[in-house]
Amino acid sequence: MTQYEYAKSDFSAFGVDVEGALEKLKTIPVSVHCWQGDDVVGFDGGGAASGGIQTTGNYPGRARSFDELKADLKQAFSLMPGKKRLNLHASYAVLCGEKVDRDAYRPEHFSPWVRFAKEIGLAGIDFNPTCFSHRNVKDGLTLSSPDEKIRKFWVRHCIACLKIAEYFADEFSTPCLVNIWVPDGLKDVPADRLTPRLRLKKSLDEILACGYDRKKVVVAVESKVFGIGVESYTVGSNEFYQNYAAKNDICCLLDNGHYHPTEVVSDKIPALLAFYDRIALHVTRGVRWDSDHVVVLDDELKEIAKEIVRNDAVDKVMIGLDYFDASINRLSAWVTGQRAIQKALLAALLMPHDRLKKLQDAGEFTELMVMQERVKDLPIGAVWKEYLSREGLDEDYLTAIRAYEKKILKERL
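What comes next concerns the included structure. As the structure is a prediction and not an experimental result, all values here were calculated from the model.

**Examining the overall build of the protein**
Thinking step 1. Broken down by element type, the protein carries 14 helices and 12 strands.
Thinking step 2. Over its C-alpha trace the protein gives a radius of gyration of 22 Å, about what one expects of a compact globule, namely 22 Å for 413 residues.
Thinking step 3. By its C-alpha atoms, the protein is 65 × 55 × 40 Å across when sized along the principal axes.
Thinking step 4. Here the protein holds 413 residues, and 54% of them are scored as buried.

**Comments concerning the packing of helix H3 (residues 66-77) against helix H4 (residues 111-119)**
Thinking step 1. For the pair H3 and H4, interaxial distance at closest approach is 11 Å and the crossing angle is 20°. The orientation of H3 relative to H4 falls into the category roughly parallel. The two elements H3 and H4 meet at a crossing, and its hand is right-handed. On H4, the residues that touch Phe66, Leu69, Lys70, Leu73 and Lys74 of H3 are Pro112, Trp113, Phe116 and Glu119.
Thinking step 2. Taken together, the residues of the contact of H3 with H4 sort by class into 6 nonpolar, no polar and 3 charged.

**Focus on the pattern of salt bridges**
Thinking step 1. Counted by the stated rule, this structure contains 30 salt bridges.
Thinking step 2. For arginine 135, the salt bridge is made with aspartate 101, and the minimal N-O distance between the two is 2.5 Å. Of this pair, arginine 135 sits in the loop between strand S3 (125-128) and helix H5 (148-172) while aspartate 101 sits in the loop between strand S2 (84-89) and H4; the two residues are 34 residues apart in sequence, bridging distant segments of the chain.
Thinking step 3. You can call arginine 135 exposed: its relative accessible area is 64%.
Thinking step 4. Note on aspartate 101: relative accessible area 21%, which makes it partly exposed.

**Some words on the packing of aromatic side chains**
Thinking step 1. This model, assessed by the stated rule, comprises 16 aromatic pairs.
Thinking step 2. Each ring, one from phenylalanine 43 and one from tyrosine 92, has its centre 5.2 Å from the other, and the planes form 75°; the classification is edge-to-face. Of this pair, phenylalanine 43 sits in the loop between strand S1 (30-33) and H3 while tyrosine 92 sits in the loop between S2 and H4, and the two are 49 residues apart along the sequence.
Thinking step 3. Look at phenylalanine 43 and you get partly exposed, because its relative accessible area is 23%.
Thinking step 4. A relative accessible area of 1% means that tyrosine 92 is categorised as buried.
Thinking step 5. Considering the side-chain rings of phenylalanine 240 and tyrosine 241, the 5.4 Å spacing of their centres and the 70° angle between planes classify their relative orientation as edge-to-face. Like tyrosine 241, phenylalanine 240 is buried.
Thinking step 6. Through a chain of ring-to-ring contacts, three or more aromatic side chains come together here, namely Phe43, Phe66, Tyr92, Trp113 and Phe116.
Thinking step 7. The residue whose ring lies beneath lysine 268 is tyrosine 259, and the NZ or CZ to ring-centre distance is 4.5 Å.

**Describing the nonpolar core**
Thinking step 1. Leu88, Trp113, Phe127, Leu143, Phe168, Leu204 and Ile269 are the most contacted members of the largest nonpolar core, which totals 131 residues.
Thinking step 2. For this core, the element with the most residues is H5, which contributes 12 residues.
Thinking step 3. With residues up to four places along the chain from it excluded, the contact list for leucine 204 reads Leu143, Ile180, Val221, Phe240, Tyr241 and Tyr244.
Thinking step 4. Counting residues in each nonpolar core, the second largest holds 7 residues, with Leu177, Val218, Leu253 and Met318 among its members.

**Focus: the layout of surface pockets**
Thinking step 1. Estimated volume of the largest pocket: approximately 690 Å³.
Thinking step 2. Lining the largest pocket are 28 residues, with Glu303, Lys306, Arg310, Met351 and Val375 sitting closest to its centre.
Thinking step 3. Elements represented by at least two residues in the lining of the largest pocket include exactly helix H9 (299-310), helix H10 (330-349), helix H11 (353-361) and helix H12 (365-374).
Thinking step 4. Examining the composition of the lining of the largest pocket, we find that 7 residues originate from one element, H9, more than from any other.
Thinking step 5. Residue composition of the lining of the largest pocket, grouped by class: 13 nonpolar, 4 polar and 11 charged.

**Considerations on the environment of glycine 185**
Thinking step 1. With respect to the helices, strands and loops of the structure, glycine 185 is situated in strand S5 (residues 185-186).
Thinking step 2. If sequence neighbours within four positions are ignored, glycine 185 has contacts with Asp139, Gly140, Leu141, Val230, Tyr233, Thr234 and Val235.

**Quick word on unusual backbone geometry**
Thinking step 1. With a phi angle near 65°, aspartate 39 is a residue other than glycine that sits in the positive phi range.
Thinking step 2. With respect to the helices and strands, aspartate 39 occurs in the loop between S1 and H3.
Thinking step 3. Residue classification places aspartate 39 among the buried residues on the basis of a relative accessible area of 11%.
Thinking step 4. A positive phi angle, near 60°, is found at valine 40, a position not held by glycine.
Thinking step 5. Residue position: valine 40 is located in the loop between S1 and H3.
Thinking step 6. On the basis of relative accessibility, which here comes to 5%, the residue valine 40 falls in the buried class.

Rules of the game
- Residues numbered from 1 in each chain as written.
- Predicted model: local features only at pLDDT ≥ 70, side-chain atom pairs only at ≥ 80, totals over all residues.
- Heavy atoms only, no water.
- Helix = DSSP H or I, 4+ residues; strand = E, 2+ residues; numbered from the N terminus.
- Rg over C-alpha atoms; globule rule 2.2 N^0.38 Å.
- Buried < 20%, exposed > 50% of the residue type's maximum accessible area, 1.4 Å probe, protein only.
- Axes fitted to C-alpha atoms, helices over the stretch in contact; angles between N-to-C directions.
- Parallel < 35°, antiparallel > 145°, perpendicular 65-115°, else oblique.
- Left-handed = near helix turned anticlockwise from the far one by under 90°.
- Contact = heavy atoms within 4.5 Å.
- Nonpolar A, V, L, I, M, F, W, Y, C, P; charged D, E, K, R; others polar.
- Salt bridge = Lys/Arg side-chain N within 4 Å of Asp/Glu carboxyl O.
- Phe/Tyr/Trp six-rings, centres within 6.5 Å; stacked < 30°, edge-to-face > 60°.
- Lys NZ or Arg CZ within 6 Å of the ring centre and 35° of its normal.
- Core = buried A, V, L, I, M, F, W, Y, C linked by side-chain atoms within 4.5 Å.
- 1 Å grid on protein atoms, 1.4 Å probe; cavity = no way out; pocket = protein on both sides within 12 Å on 5 of 7 lines; lining within 4 Å.
- Points joined across faces, edges and corners; volume = space filled by probe spheres on them.

Following this line, the structure appears as structure tokens:
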């Protein structure tokens with residue numbers, strides 16, 4: 001017997017269908033973020049990331065153009081198993097020298113991305129308005145700005161993004177997630193917390209009233225505790241956005257780096273599933289704060305995957321990655337994070353959830369604890385290797401990345 005066959009036997013003793021888990025895993029899409037490859041710089045002249053976003057490190061080989069970023073993504077995607085989507089920010093418009101601001105972006109500015117995604121067999125594209133790194137971020141505010149000219153600019157930008165998202169949905173025959181996050185907040189103690197939130201509410205109302213197709217576009221809003229330079233007050237707080245999303249029948253996006261250090265998104269997922277038909281997820285790794293470290297297979301990632309799987313929410317939770325690290329090889333960061341969420345989902349699919357739930361409902365907490373400990377020792381690694389093999393991959397992706405670095409990345413110095 002092979003290691004995989006032994007593993008199947010071990011899991012079957014707990015009532016787990018390993019083949020079913022492998023088949024399920026390859027159907028779960030993960031939306032991979034483009035901005036890891038160029039340190040969140042983008043193509044539209046906004047410059048280095050600002051608005052509470054900071055990328056640290058200066059590892060050689062940052063992508064500096066559409067062609068370079070496209071090449072890096074293609075190489076990284078080739079080393080990732082499973083079903084993949086591309087997550088784009090609006091600042092990655094391919095303008096080809098055309099002078100157009102973000103509030104006037106059109107689908108044709110993103111058609112090169114569509115061609116690329118189809119070329120490498122991606123399942124779709126998700127989209128994000130880029131409400132940062134721009135001259136119209138005034139005093140740290142965008143959609144909540146008291147300057148009506150500034151506020152209206154960002155409203156127009158978000159509406160333009162919804163129209164572009166409809167284009168993506170048509171091209172891939174799958175809904176496009178549009179996630180609205182703004183950096184709005186204040187560095188020091190505010191004199192008025194309510195009015196900026198009322199302006200943000202007004203802006204969101206105007207965006208949603210543009211007449212977009214809800215069957216094609218899933219709009220989400222994303223909260224945050226604080227950012228660099230806006231430590232004392234965030235306009236788009238968790239309470240604000242969860243209430244707004246519920247009242248307006250849109251999606252609430254959970255970023256597991258955007259809460260207080262003692263809060264965990266794994267507990268928030270089932271709370272929202274009790275009320276929302278669909279929720280969105282940005283997977284990152286916060287170290288002490290929202291530091292956007294590369295996703296690894298840590299305890300919270302495992303718990304997030306468990307909540308998605310054991311609540312039959314694979315089709316309800318839209319999974320995306322969101323981190324950026326310029327201190328290491330950027331392609332390795334991409335692949336490491338995508339494989340980590342895939343491995344966490346596999347581990348969750350290989351758990352006897354029904355059996356464990358029955359023990360909890362019966363009040364058999366002693367046996368429940370024992371069972372939860374026993375399943376930790378099951379040979380998930382052998383199943384993971386089998387999954388990679390079926391995807392035409394193996395555990396070693398660093399060799400290919402090093403070769404690409406030597407041939408391509410070091411030439412960018």
